[in-house]
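Understanding the architecture of this molecule
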Amino acid sequence: MKYEEIEKIVKETLSEKRYIHSCGVAKRAVELARIYGEDEEKAKIIGIAHDIAKEMPKQEALKYAKENGIIFDEVEKFEPGLWHSKLGADIVKKKFGFSDDMAEAILYHTTANINMSTMDKIIYIADKTEEGRTIINLQLAIDISNKDLDEGVLYVSKFAMEYSLKKDSLIHPDTVNVINRIIAKKRNINL
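In this report, we go over the structure that sits alongside the text. Going along each chain's sequence as written, the residues are numbered from 1 onward. Local features in this predicted model are restricted to residues whose pLDDT is 70 or higher, and side-chain atom pairs enter the listing and the counts only when it is 80 or higher, whereas totals over whole chains, interfaces and linings include all residues. Only hydrogens and water are set aside; all other atoms, that is, all heavy atoms of the structure, feed into the side-chain values.

1. Remarks on the overall build of the protein chain
Broken down by element type, the protein chain carries 10 helices and 0 strands. The C-alpha atoms of the protein chain give 16 Å as radius of gyration, which agrees with the globular expectation for 191 residues (16 Å, within 12%). The dimensions of the protein chain, computed from C-alpha atoms along their principal axes, are 45 × 35 × 30 Å. The buried share of the protein chain, reckoned over its 191 residues, is 48%. Contacts are assigned to residue pairs with any non-hydrogen atoms lying within 4.5 Å of each other. Here the analysis covers contacts within the protein chain between residues at least 6 apart in sequence; of these, 61% occur between residues at least 24 apart. As displayed, the protein chain offers around 10,100 Å² of accessible surface, 51% of which is attributable to carbon and sulfur atoms. Counting 30 positive and 33 negative side-chain charges, the protein chain places the averaged centre of each group 2 Å from the other. Comment: elements are numbered from the N terminus, with helices defined as DSSP H or I runs of at least four residues and strands as E runs of at least two. Put simply, the radius of gyration uses C-alpha atoms, and a globule should come to 2.2 Å times the residue count raised to 0.38. Here's how the labels work: a residue is buried when its accessible area is under 20% of the maximum for its type, exposed when over 50%, partly exposed in between, all with a 1.4 Å probe on protein chains only. All accessible-area figures derive from a Shrake-Rupley calculation using a 1.4 Å probe, and residue coverage is judged against the displayed protein chains alone. His is not counted, nor are the chain ends, whereas Lys and Arg count as positive and Asp and Glu as negative. Throughout, a charge is located at the NZ atom of Lys, the CZ atom of Arg, the CG atom of Asp or the CD atom of Glu.

Here it is as structure tokens:
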């Protein structure tokens, strides 16, 4: 499916605020793809679609998960805000014809994962550093991620963890594992 077709569906599916965010993620993903030598069109398509399931009502989300064999882990069961990553990854494969690697970038865009590809990291960072974000030191996050992708992942992951703690939300182990893995790599520790 082409970008324009996906963008139209995203615009019809999401609130105006979430649609604007998705456009910002697509734009930022292209910028990062250009810096890190990844496919800019692919980054743009993944970016626009990354939150396709974000505003799905809880009961509809649970029904979709059950009907499509999506299983939430122990943390996700208690944090419905994390569901949209798994649901979205499934939806984009079935509805938009995304490849497994494209869907994986959506799967990891909320919690991160130690096995992220460059594109996965780009979408993860783009989601947290698009121009509409106000809950992070945006310019610093952009500067860091434009110079070093792993440092960008580390910076936004630490921030995401701190933000979740302030809200008394559970921290997904994937986020903790990513932080530990990057710090260990910097310190030449084998984990």
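Still to come is the rest of the account.
2. Here's the deal with the pattern of salt bridges
Between Lys or Arg on one side and Asp or Glu on the other, a salt bridge is scored when a side-chain nitrogen of the former is within 4 Å of a carboxyl oxygen of the latter. Summed over all chains, the structure comprises 16 salt bridges. Here D90 makes a salt bridge to K94, at a shortest N to O gap of 3.0 Å. Placement of both D90 and K94 in helix α5 (residues 83-95) is noted, with a separation of 4 residues, approximately one turn of the helix. Residue K186 is joined to E151 by a salt bridge in which the shortest nitrogen-to-oxygen separation is 3.4 Å. Here K186, found in helix α10 (residues 173-186), pairs with E151, found in helix α9 (residues 149-166); they are 35 residues apart in sequence, far enough to count as distant. Three or more residues are tied together by salt bridges with common partners; here these are K121, D150 and K185.

3. Some details on the layout of surface pockets
Here a cavity denotes a set of grid points, spaced 1 Å apart and computed over the protein atoms alone, in which a 1.4 Å probe fits but from which it cannot get out, and a pocket denotes an open set meeting protein on both sides within 12 Å along at least five of seven lines; residues with an atom within 4 Å of a point are reported as lining. Grid points are joined across faces, edges and corners, and a volume is the space filled by probe spheres set on the points. In this structure, the largest pocket spans a volume of roughly 920 Å³. Lining the largest pocket are 34 residues, and of these K54, R133, I135, Y163 and K167 sit closest to its centre. Residue assignment for the lining of the largest pocket shows that the elements contributing at least two residues are α2 (16-36), α7 (118-129) and α9. Top element by residues in the lining of the largest pocket is α9. It accounts for 6 residues. Put simply, the second largest pocket is a space of about 190 Å³. In this structure, the second largest pocket is lined by T13, L14, I52, A53, E55, M56, P57, E60, Y64, I91, K94 and K95. Considering each element in turn, the lining of the second largest pocket owes the most residues, 3 residues, to α5. The residue classification treats Ala, Val, Leu, Ile, Met, Phe, Trp, Tyr, Cys and Pro as nonpolar and Asp, Glu, Lys and Arg as charged. All others, Gly included, are polar. Looking at side-chain class alone, the lining of the second largest pocket contains 7 nonpolar, 1 polar and 4 charged residues.

4. Considerations on the side chain of D51
When you line up the elements, D51 lands in the loop between α3 (40-49) and α4 (58-67). At 3.5 Å, the side chain of D51 and the side chain of H21 are in polar contact. When near neighbours in sequence (up to four residues on either side) are disregarded, D51 contacts L14, R18, H21, S22, H84 and H109. Polar contacts, as counted here, are pairs of nitrogen or oxygen atoms within 3.5 Å of one another; within protein the pair requires one atom able to donate a hydrogen and one able to accept it, and residues that are adjacent in sequence qualify only if both atoms are side-chain atoms.

5. Here we look at the packing of aromatic side chains
Two aromatic rings from Phe, Tyr or Trp, using only the six-membered ring of Trp, form a pair when their centres are within 6.5 Å; if the ring planes differ by under 30 degrees the pair is stacked, by over 60 it is edge-to-face, and anything between is tilted. Under the defined criterion, the tally for this structure stands at 3 aromatic pairs. Between the aromatic rings of F72 and W83, the centroid separation amounts to 4.8 Å while the plane-to-plane angle is 15°, which identifies the pairing as stacked. Of this pair, F72 sits in the loop between α4 and α5 while W83 sits in helix α5, placing them 11 residues apart in sequence. For the pair F72 and W83, a shared accessibility class is recorded, and that class is buried. Look at F159 and Y163: their rings are 6.2 Å apart centre to centre, the planes differ by 20°, and that puts the pair in the stacked class. A residue pair is termed a helical-turn pair when its members lie 3 or 4 positions apart in one helix, as F159 and Y163 do in helix α9 at 4 residues. By definition, being over a ring means that NZ of Lys or CZ of Arg is both within 6 Å of the ring centre and within 35 degrees of the ring normal. Sitting above the plane of the Y3 ring, K44 keeps its charged end 4.4 Å from the centroid.

6. Thoughts on helix α1 (residues 3-13)
At 3.6 residues per turn, the α-helix brings residues three or four places apart onto the same side. Buried within α1 are the following residues: Y3, I6, I9 and V10. The buried side chains of α1 occupy one side of the element, clustering within an arc of 130° when seen end-on. Along α1, the residues that are exposed and aim more than 90 degrees away from the buried face are E4, K8, K11 and E12. Those residues of α1 hidden inside the fold are in contact with α2, α3 and α5. The arc in question is traced by the directions running from the helix axis to the C-beta atoms.

These figures come from the coordinates and say nothing about function on their own.
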